[in-house]
Amino acid sequence: MAVHGRRPRLRDLFDESPTPHIAHPPHTHHRDFYVATDGSFSHDSGEGGLGVIIETRDGERVTRLSLPDEMPDNNVAEYRALHLGLDVLAARAPVDARVGVLVDHDELAANVNKAVLAGRRTDWRPPRPFSVAAASRNHWRGIRARVAGFGELRAARVRSEQNPAHPLANAPEEYAHVNREPTQCLLPDTAESDETQIPPPSRSDRHVSG
């Protein structure tokens, strides 16, 4: 359980949250990285934001991002935020990294876990059909490519008020300073690697269909 009065580790939130369509494996804390993302969109202003937090299993912060962005709706914002978070992690993590994802979007968490299950099949078909809005499909293809590129991954669904990326997405002007924080590049108990520039979400279809 998370310790009261302290910043909860993403690992603790992940272990305490449901993973739609896929069961928690034993020793989920043996995951190497945890990624919490959130996307926001205001119908009144037409403005939005993206929030990303990445930690190691030991609770060491790798990076935080809080970026203003333009998108047509909140659904696209959620997919775009996860696409960004996985792109950033992929630039820093080894290809065999085990990853836990935290999002507060039910459909997105379910789709990610269905993509994980589809990757175990020879026909790449999910156990249940994906449900992805047309406007989010470019980002969904990028997410699927990243999911397939890690050693192991699954997504947990958290409530918005529990998601530590939520304030970063909803107030990017207030939290702009987090983008200047030094970024760590390490697995638990390993040395730091060279700095790598943060990439934007890729829009390429890396031979992964929606």
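Sequence positions are assigned chain by chain, starting from 1 and proceeding in written order. Totals for whole chains, interfaces and linings use all residues, but because this is a predicted model, local features are given only for residues with pLDDT of at least 70 and pairs of side-chain atoms are given and counted only at 80 or more. Side-chain metrics rest on all non-hydrogen atoms present in the structure, leaving aside hydrogens and water.

**With respect to the environment of M71**
Point 1. Relative to the helices and strands, M71 resides in the loop between strand 3 (61–69) and helix 2 (74–90).
Point 2. Exposure classes here rest on a 1.4 Å probe applied to the protein chains alone. A residue is buried below 20% of its type maximum, exposed above 50%, and partly exposed in between. Taking the relative accessible area as the measure of exposure, M71 reaches 7% and is therefore buried. The helix and strand labels rest on DSSP assignments: H or I over at least four residues marks a helix, E over at least two residues marks a strand, and numbering proceeds from the N terminus.

**Some points on the pattern of salt bridges**
Point 1. A side-chain nitrogen of Lys or Arg and a carboxyl oxygen of Asp or Glu constitute a salt bridge if their distance falls within 4 Å. What the rule picks out here adds up to 11 salt bridges.
Point 2. E152 serves as the salt-bridge partner of R31, at 3.1 Å between the closest nitrogen and oxygen. One end of the pair, R31, is in the loop between helix 1 (10–15) and strand 1 (33–41); the other, E152, is in strand 5 (residues 152–157), with 121 residues separating them in the sequence.
Point 3. Residue classification places E152 among the partly exposed residues on the basis of a relative accessible area of 27%.
Point 4. Between R80 and D69 there is a salt bridge whose closest N-O contact spans 2.2 Å. Here D69 lies in strand 3 and R80 lies in helix 2, a separation of 11 residues in the sequence. Assigned by exposure class, R80 and D69 land together as buried.
Point 5. Salt bridges sharing common partners tie together R31, E152 and R154.

Purely geometric numbers; function is a separate question.
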